[in-house]
Amino acid sequence: MAKVAPQLTQSLLANPPIRRQSRVRVRATMATTKADQFKDHHPSLEVLGGARDSFCPVIKTHLDRPYNPFPVFGSNRHLETIFAAFFRNIPDVRLKRECLRTQDDGTVALDWVSGDAGNLPGNSPILLLLPGLSGGSDDAYVRHMLVRARNKGWRVVVFNSRGCADSPVTTPQMYSASFLGDLDEVVKHVGSRYPKANLYGVGWSMGANILVQYLGKEPGSRRFSGAASLCNPFDLVMSDEDLCKGFNRIYNRSLGKALSGILKKHLLLFEDIGGEYNIPLAANANIIRDYDEGLTRVSFGFKSVDEYLQNSCSANYIKHVSTPLLCIQAKNDPIAPDRAIPREDIKANPNCLLIVTPKGGHLGWVAGENAPTGCPWTDPMVMDFLQHLENEKSGTPQDATNLLQSVEV
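Predicted, not measured: the structure shown is a model, and the values here were computed from it.

Looking at this structure, I do not really get the pairing of strand β3 (residues 107-113). What am I missing?
On any regular strand, side chains alternate: one points to one face of the sheet, the next to the other face. Within β3, 7 of the 7 residues are buried, which leaves the element mostly enclosed by the surrounding structure. The side-chain alternation of β3 yields two buried faces, one formed by T107, A109, D111 and V113 and the other by V108, L110 and W112. As paired elements, strand β2 (residues 95-101) and β3 share 7 bridges and run antiparallel to each other. Its bridge partner being in β3, C99 is matched across the sheet by A109. Taking the residues that link successive antiparallel strands as the turn, the β2-β3 hairpin has 5 residues, and the phi of D105 there is positive, at about 70 degrees.

Structural data, given as structure tokens:
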């Protein structure tokens, strides 16, 4: 998520907003014969999914403990969201950029940890990170996950969409919540570069929405051995509705400005585009919908923004996900509403597990032993989940990962 004005943090402290109420194989029979058997988790957490009895024991140490938001900063969803965006520390990691040219002559930027190409074995597991809307490898939540995975000996790469994190824009087309072509090309490229390695993915917010769509829709999803979805909006229509209400309009304007800012850097590519495009509207967007009306929906062939949003919901595809998938949501998320979570489809899918925390905001989760400025509460759980899948795939003993050398940060 793009950052909003830091002065808002002080304002919220004084006047908090009013709160309104092999692939790991999972037998399909497990979802029915063992449904609702796993009860041993703290009541502050909502835990459900067809894979609950398979995966909950793997992360039991996290589920046993209560979710305790950090005092003050974790007490209000807006304060937590803004605090995490501005004041969470950003690990200092040297990255090596690879610009990947796509079939339509577009460009995406892949950021790898510098030196890992020669220092890690070719069969080291690979973690592909997909940041949120307008985000990239410089975001704190991305860096923290990168460091945690790298310290376990994983090879990590950040997928920066067109224009994000200063990724080059070489054609008059940006990216969208509905377009999976760039991700597919990245997955193929990474797989061809390291054919002996297992591939995993973690996505946040819009990146999570794109990742889950891909897992449930594209043949390339078979290349993933596991994945995690964090703060996924799931239903973009509902998310758009909520972004137009109350304090949430601050995020809407901030994200709209971030998108228009990326476009403004590359206006020369769009000056003669013609057709139904309204480039001035997109380049001066006050909210996300302005940008999508002027550019996105036209670029990807939709008749209206609403049609674009309806066709870009990962909730439509999660029932088809056949990859082990951990979804973590915050019940008070202002951007990814709780009512949009496709609970019934997740419960019916023997590959999916859902954890919902009572608080956390959007990309916040200022809780746990690393709070308030360290990694999000979710990171240790996600990494334990993915490491378990890798151990199962590779036959690596669970304790072997403790011997791996940590990256300096």
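Sorry if this is basic, but what is going on with helix α9 (residues 206-217) here?
Side chains that are three or four residues apart share a direction in an α-helix, a result of its 3.6 residues per turn. In a regular helix each residue adds 1.5 Å, so 12 residues correspond to 16 Å; α9 covers 16 Å between its end C-alpha atoms and thus fits that length. Burial analysis of α9 places 11 of its 12 residues in the buried class, the great majority of the element. Buried within α9 we find M206, G207, A208, N209, I210, L211, V212, Q213, Y214, L215 and G216. Here the buried face of α9 lies against β4 (126-130), α8 (181-193), β6 (199-204), β7 (224-230), α10 (236-243) and β8 (325-330).

I'm lost on the packing of helix α11 (residues 248-264) against helix α13 (residues 288-299) in this one. Help?
Pairs of packed helices are described in terms of their axes, by the angle between the two and the distance that separates them. Running from N to C, α11 and α13 cross one another at 40 degrees; their axes reach a closest spacing of 7 Å. Of α13, the residues touching α11 (which contributes N252, L255, G256, L259, S260 and L263) are I288, Y291 and L295. Residue composition of the contact of α11 with α13, by class: 6 nonpolar, 3 polar and no charged.

Sorry if this is basic, but what is going on with the packing of α8 against α9 here?
Packing of α8 against α9 leaves a shortest axis separation of 10 Å and a crossing angle of 70 degrees. In terms of orientation, α8 lies roughly perpendicular with respect to α9. Here α8 contributes L183, D184 and V187 to the contact with α9, which in turn contributes I210, L211 and Y214. Taken together, the residues of the contact of α8 with α9 sort by class into 5 nonpolar, no polar and 1 charged.

Thresholds applied
- Residues numbered from 1 in each chain as written.
- Predicted model: local features only at pLDDT ≥ 70, side-chain atom pairs only at ≥ 80, totals over all residues.
- Heavy atoms only, no water.
- Buried < 20%, exposed > 50% of the residue type's maximum accessible area, 1.4 Å probe, protein only.
- Helix = DSSP H or I, 4+ residues; strand = E, 2+ residues; numbered from the N terminus.
- Pairing = 2+ DSSP bridges.
- Expected span 1.5 Å × (residues − 1).
- Contact = heavy atoms within 4.5 Å.
- Axes fitted to C-alpha atoms, helices over the stretch in contact; angles between N-to-C directions.
- Nonpolar A, V, L, I, M, F, W, Y, C, P; charged D, E, K, R; others polar.
- Parallel < 35°, antiparallel > 145°, perpendicular 65-115°, else oblique.

Nothing here speaks to function; it is geometry throughout.
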